[in-house]
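Residue-level structural notes
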Amino acid sequence: MTVKPPTTVGELLDWAREKLAHFPEPLREARQALLLATGERHLERNERLSPFTRGRFRRIVEARARGVPWPVLEGVTGFLDFEVLVPPGVFIPRPETEELAELAVTEFQKAPKGARALDIGTGTGVLAIALARARPDGEVWAVDISSRALRAARRNAQRLGVKIKVRRSNLFSAVEGKFHLIVANPPYVAKEAWKTLPSDVRNFDPKAALDGGKNGLYFLTRLVREAPDFLVSGGVLLLELAPSQGERVLAEAESTGKWRECSVLPDLSGRPRFFRGYRC
Ligand SMILES: C[S@@+](CC[C@H](N)C(=O)[O-])C[C@H]1O[C@@H](n2cnc3c(N)ncnc32)[C@H](O)[C@@H]1O
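Residues numbered from 1 in each chain as written. Predicted model: local features only at pLDDT ≥ 70, side-chain atom pairs only at ≥ 80, totals over all residues.

It is worth spelling out the overall build of the chain at this point. Looking only at helices and strands, the chain has 10 helices and nine strands in total. In terms of overall dimensions, the chain has C-alpha extents of about 80 × 40 × 30 Å along its principal axes. Evaluated residue by residue, the chain yields a buried proportion of 38% over its 280 residues. In the chain, the share of contacts with a sequence separation of at least 24, taken over all contacts with a separation of at least 6, comes to 64%. (Helix = DSSP H or I, 4+ residues; strand = E, 2+ residues; numbered from the N terminus. Buried ≥ 20, exposed ≤ 12 C-beta atoms within 10 Å, placed from the backbone. Contact = placed C-beta atoms within 7 Å.)

It is worth spelling out the sheet that holds strand β4 (residues 139-144) at this point. Pairing is mixed in the open sheet, where seven strands are placed in the order β5-β4-β3-β6-β7-β9-β8. Each edge of the open sheet is held by one strand with a lone partner, namely β5 (165-168) and β8 (259-266). With direction set aside, neighbouring strand axes in the sheet form an average angle of 15 degrees. By the bridge criterion, five bridges tie strand β6 (residues 179-184) to strand β7 (residues 231-240) in an arrangement that is parallel. Residue isoleucine 182 lies in a different strand from β7, and its bridge partner there is leucine 237. Contacts from helix α10 (residues 246-256) reach β8 and β9 (272-279) within the one sheet, and its direction differs from that of β8 by about 175 degrees. (Pairing = 2+ DSSP bridges. Axes fitted to C-alpha atoms, helices over the stretch in contact; angles between N-to-C directions.)

Residues in close proximity to the ligand total 23 residues, the closest being Pro93, Gly121, Gly123, Asn185 and Ala209. Tallied by class, residues from the shell around the ligand come to 13 nonpolar, nine polar and one charged. (Near = placed C-beta within 6 Å. Nonpolar A, V, L, I, M, F, W, Y, C, P; charged D, E, K, R; others polar.)

Turning our attention to the nonpolar core. If you look at the biggest cluster of nonpolar residues, it comprises 59 residues, and the most contacted ones within it are Ala104, Leu127, Ala128, Leu131, Ile182, Leu220 and Leu239. At seven residues, the largest contribution of residues to this core is made by helix α6 (residues 126-134). Excluding its chain neighbours within four sequence positions, the residues that come into contact with leucine 127 are Leu100, Ala101, Ala104, Asp119, Thr122, Val183 and Asn185. By size, the runner-up hydrophobic cluster in this structure holds 12 residues, among which are Leu13, Ala30, Leu49 and Val61. (Core = buried A, V, L, I, M, F, W, Y, C linked by C-beta atoms within 7 Å.)

Further remarks concern the domain arrangement of the chain. Entries for the chain in the domain assignment read domain 1 (9-66) and domain 2 (89-279). Computed from C-alpha atoms alone, the centre-to-centre distance between domain 1 and domain 2 is 37 Å. (Domains from an automatic or database assignment.)

Turning to helix α2 (residues 26-38), a few remarks are in order. A rise of 1.5 Å per residue sets the reference length of α2, with its 13 residues, at 18 Å; its end C-alpha atoms lie 18 Å apart and thus fit the reference within 8%. Looking at α2, one finds that the buried residues are Glu29, Ala30, Ala33, Leu34 and Ala37. Within α2, the buried residues cover an arc of 140 degrees as seen down the axis, which keeps them to one side. Taken together, the buried residues of α2 touch α1 (9-19) and α3 (51-65). Two residues or fewer past α2, glycine 39 is found with a positive phi of approximately 75 degrees. (Expected span 1.5 Å × (residues − 1). Arc of directions from axis to C-beta.)

Right, let's get into helix α7 (residues 147-160). Helical periodicity: at 3.6 residues per turn, an α-helix aligns residues three or four positions apart in one direction. Here α7 is 14 residues long and its end C-alpha atoms lie 20 Å apart, about the 20 Å a rise of 1.5 Å per residue gives. Within the sequence span of α7, burial applies to Ala149, Leu150, Ala152, Ala153, Asn156 and Ala157. Down the axis, α7 shows its buried residues gathered within 165 degrees of arc, on one side only. When the buried face of α7 is taken as reference, the exposed residues oriented beyond 90 degrees from it are Ser147 and Gln158. Just beyond α7, the residue with positive phi is glycine 161, at close to 70 degrees.

For glutamate 252, the location among the structural elements is in helix α10. For glutamate 252 and glycine 114, which are 138 residues apart along the polypeptide, the C-alpha to C-alpha distance reads 31 Å. Discounting chain neighbours no more than four positions away, the residues touching glutamate 252 are Thr221 and Val224.

Moving on, we come to the pairing of β6. Across the six residues of β6, six count as buried, placing the element largely inside the fold. In the sheet, strand β3 (residues 116-120) pairs with β6 via four bridges, with the strands oriented parallel. Across the sheet, the residue bridging to isoleucine 120 is alanine 184, located in β6.

Turning our eyes to something else, we now look at the environment of alanine 190. Examined against the element boundaries, alanine 190 turns out to sit in the loop between β6 and α8 (199-204). A C-alpha to C-alpha distance of 18 Å links alanine 190 and phenylalanine 204, two positions 14 residues apart in sequence.

Right, let's talk about the packing of helix α9 (residues 218-226) against α10 for a bit. Where α9 meets α10, the axes come as close as 9 Å, and the angle between the chain directions of the two elements is 25 degrees. One way to sum up the angle between α9 and α10 is to call them roughly parallel. Where α9 crosses over α10, the two elements pack in a sense that is right-handed. For the pair formed by α9 and α10, the contact residues are Leu220, Thr221, Val224 and Arg225 on the first element and Val249, Glu252, Ala253 and Thr256 on the second. For the contact of α9 with α10, a count of residues per class yields four nonpolar, two polar and two charged. (Parallel < 35°, antiparallel > 145°, perpendicular 65-115°, else oblique. Left-handed = near helix turned anticlockwise from the far one by under 90°.)

Encoded structure:
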């Protein structure tokens, strides 16, 4: 007996639900794939889709079944109140970084007119864009070592109509002048934590965006040591980190003697996730 391939919306959804059965909500996943393939929110179950659309739907479902994250399939993700394009090979912004952005915006609002901010390891540009949207009078720099990330950040800023200065830089190597605020969500995954990362993170985020060296502290310690040279007195450094890293980063900051009022702030679930320190 030959099995008739699915052609109607209902048949395709049933087929996709089976393919996506290993997700907690297979039907929601299947519907999202249908929306992405057709661009239509309201389709009847007995509606027949064209062979072209069916092919596109099948490819999306198969990729999703292999664990490809939605922002990679859709090429776009939301951050705060805006959307950014997420091309392949560029780090997908995460919800916890929205909290870092809010802290950074609050600090930047307090800075004088024409204040300068620097986002190190900008990726898609989300932190720099949030800062530039909050303070159109300010000067916001966005640097990254990855040219793919820089292209994405430039394009996202253009689409959103904000001005940021995008530069290729190995941390501070191409940075000039002093800033009122420096923010970074640097690579901070420790070697030993690598194997425990969910497979979508390991397979779809660039390794250079995550790898923080043996104990995950390579970039965090460099940032607290090097940032003082690029901050005005009273300027602020904000960093995202893993909950286990806060104490080590605080100790490192204190050992430089260049910071005051250093603290590690909790995220919404109460876990210590953000370093904040002010330049003496
Ligand atoms: C965790 S991602 C953060 C991206 C973005 N800020 C966000 O929060 O979505 C870290 C970023 O740091 C960049 N990066 C890695 N090493 C770097 C270096 N030595 N200098 C500058 N950027 C670097 C990576 O290319 C990546 O875009």
